[in-house]
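Chains, contacts and geometry: an overview
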Amino acid sequence: MSQHNINSSNLSNYSSSNSNIPVSEVYWSLVEKADKKFSKIRDLPYYERNRYDTYFYKVFKVYTQLWKFQQENREKLVEAGLKRWEIGEIASRIAQLYFGQYMRTSEMSYLSESYIFYEAILTREYFREGLYQNLNLANKQLRFLARFLMVCLVLNRREMVHQLVNQLKMLLDECKRTFPETDFKEWKLVVQEIVRFLKADTAFMNIRPLRYSLVLDPRPEDLPHVSVSITKRSLRLRDAILSSYHHNEVKFSELTIDTFRMLQCLEWEPSGSFYQSSNIKIGQNGAPGPSRINYSQDIADPSLPPNPRKAILYRPSVTHFIAVLATMCEELPLDGVLLIYLSASGSGTSTNAAEYINRNFQSHTSSSDTTSTAPLSSTCNSQNPTLRQNKGECMDYLGGCLQFGTRANGGLNCIYPSDIIPFTRRPLFMVIDSDGSEAFKAINGAEKGERAAILLSPSSSIPIAGTDFSRSPSGRPFTIFLTAPLQAFCLFLGISGSEIEMDTYTKAEKLLSSSLNEWGSTLAASDNLDPVWAQILRDPFLRRLLLRFLFCRAVLTLYRSTFNKKEFHPECVPCLPESLLPTSTISQTTILQMAHLFGATDRFIFSEGIVLPENTDDDIEVVSSS
């Protein structure tokens, strides 16, 4: 099957030992065994990965045996009544296993193998025979198309995505005519979801890969070192939790547009470039032909480090979120950082309330260290005189949170800063994209062992030409800045993909890339860089997020409509060096150059004396403002 397959050399021994048993009976025995093992692994959580390695090994072993057995005995099995859709069902299960293992490990080669099997099913049309006479078979084809769509989305195979969407629409229309008494409402919603998703995630948003590309981004070994006088350790992003919850948010299945972008942003682009369309040859037995292995080898760059593992949580309950967080902290390597990305509507809190939370946790810590190990959540009900607060203060304390469910559920689906604090025994890098992000400042100073690095979105929606950017169907603006900064800048100026001139875009891309690299060198050379940032600056993913945050902060701070309005400015905790404040010369010059490229300098406010570099007019071409 692939380089990940379990060695199936024992299959011949298995077959010979059962030489007196009809081939069909051996086959169906293997099918039954595979089904049982598949049912056990199918619903296993994508976190707790180390715990389930053995399960994956066993289920893949039996599917390897099954797949090879049906290849070698296809003719006899067909004579015994084997249907084409049954072969497709096996291939589909294998593709599901590969995709599930990608979700557990973030290893791209598993994702490519899943694509290969799904593409073989599509090419060989395993589910087409009798499709419109059998409702069960029609549903199998619909599920296959939906699963293949998910793989193609994550793999960035956009041509195939559009092909599958068209097939899904046509199949659904035909099913409605063929099975008029059947309710296909859920499948109609699936089609609506993917159409809306693709409308938000346009070609403009994918001009360059969101994944870390060695062609476009600095190689890890070339990143500047931080002085050992600031920090003696260098941490790496090993794991991430990605979750969002917004009313009517753009999503496909359980992957929202924001978590989808963050997922890609935290992975390596294989071989430093987009996947190329492949001409996979399909053998007579329905399996991908010899060129398949070459395809996998072409896209797998052995020089790339492993991708950080990710857990994507779709609208989790608080207990589920905390369980995943605890598990991932437990599995985190000693040199690892855990990234927590949370995007949701917030119930904001005032600065005074945030200070109260901070003070409350510090007070609790000082008392519990000597007298108690009571949980942090009991603070508001504590009988300790030093912790007891009036009802109003307690309500303020509960007010700063992220809403991961309907407000009617009260605090049952709210994530509070206090939920995170117990897990600061491990290094955390947090990205909070919410109008209630300010509440999470309270974590700073209340940590239990490791100081957290936190990036916070603006607490108010960004006004653009009388519209609310936060409600844009393209996704959350802060997340777009972190994952596709140039596209965010263009959207911020009101420039759509159809209006962009590629020569201008290319110049802007080069300018932004060189500027961010310069900012990275400035950070690394800074004598007053906080150790919290210094210890993660050698990690390519976290470094890139931090530099893009600086770009976002500079843009929103200098933008005329949000100038001097703190509620529209993103923040970070702890503070970064003053040399890269939005008001610094290096930051203002970059934004001036970017705005000049798009003919939008009048939309920003710059300090007196900030001018374009002398060679700007020779290197870039000014375009009229859209």
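Rules used throughout
- Residues numbered from 1 in each chain as written.
- Predicted model: local features only at pLDDT ≥ 70, side-chain atom pairs only at ≥ 80, totals over all residues.
- Heavy atoms only, no water.
- Helix = DSSP H or I, 4+ residues; strand = E, 2+ residues; numbered from the N terminus.
- Expected span 1.5 Å × (residues − 1).
- Buried < 20%, exposed > 50% of the residue type's maximum accessible area, 1.4 Å probe, protein only.
- Arc of directions from axis to C-beta.
- Axes fitted to C-alpha atoms, helices over the stretch in contact; angles between N-to-C directions.
- Parallel < 35°, antiparallel > 145°, perpendicular 65-115°, else oblique.
- Left-handed = near helix turned anticlockwise from the far one by under 90°.
- Contact = heavy atoms within 4.5 Å.
- Nonpolar A, V, L, I, M, F, W, Y, C, P; charged D, E, K, R; others polar.
- Salt bridge = Lys/Arg side-chain N within 4 Å of Asp/Glu carboxyl O.

Under an unreviewed UniProt entry, the name given to the chain is Protein SCAI-like, and the organism recorded is Melia azedarach.

1. A short note on helix α2 (residues 23-42)
Each α-helix winds once per 3.6 residues, and so residues spaced three or four apart point in a common direction. If you check α2, its first and last C-alpha atoms are 28 Å apart, about what 20 residues at 1.5 Å a residue would give, namely 28 Å. All of the buried residues along α2 are Val-26, Tyr-27, Leu-30, Val-31, Ala-34, Phe-38 and Ile-41. End-on, the buried residues of α2 take up no more than an arc of 135 degrees, which puts them together on one face. Every exposed residue of α2 that faces more than 90 degrees away from the buried side is listed here: Lys-36 and Lys-40.

2. A closer look at the packing of helix α3 (residues 53-72) against helix α5 (residues 84-105)
Following both chains from N to C, one finds α3 and α5 inclined at 150 degrees, their axes separated by 11 Å at the closest point. As the angle between them shows, α3 and α5 are arranged roughly antiparallel. As α3 packs across α5, the resulting crossing turns out to be left-handed. Residues Phe-56, Val-59, Phe-60, Tyr-63, Leu-66, Trp-67 and Gln-70 of α3 form the contact with α5, whose own contacting residues are Ile-87, Ile-90, Ala-91, Arg-93, Ile-94, Leu-97, Tyr-98 and Gln-101. Looking at the contact of α3 with α5 residue by residue, the classes come out as 12 nonpolar, 2 polar and 1 charged.

3. Overview of the pattern of salt bridges
For the structure shown, the criterion picks out 21 salt bridges. Where Arg-211 meets Glu-267, a salt bridge forms, and the shortest distance between an N and an O atom there is 2.8 Å. Residue Arg-211 is located in the loop between α9 (185-200) and β1 (236-245), and its partner Glu-267 is located in the loop between α10 (257-265) and α11 (291-299); the two are separated by 56 residues in the primary sequence. Since its relative accessible area comes to 0%, Glu-267 is described here as buried. The closest approach of N and O atoms between Asp-433 and Arg-476, which form a salt bridge, is 3.1 Å. A residue pair is termed long-range when its members are at least 10 positions apart, and Asp-433 in strand β8 (residues 428-433) and Arg-476 in the loop between β11 (467-468) and α16 (477-483) qualify at 43 residues. For the residue pair Asp-433 and Arg-476, the accessibility class agrees, reading buried in each case. Here the residues in one salt-bridge network are Arg-208, Asp-217, Glu-509 and Arg-544, joined through shared partners.

4. Quick word on the environment of Val-195
Mapping Val-195 onto the fold places it in helix α9. On the basis of relative accessibility, which here comes to 34%, the residue Val-195 falls in the partly exposed class. Separated by 57 residues in sequence, Val-195 and Phe-252 place their C-alpha atoms 9.1 Å apart. Val-195 has contacts with Val-165 and Lys-169, leaving out every residue within four places of it along the chain.

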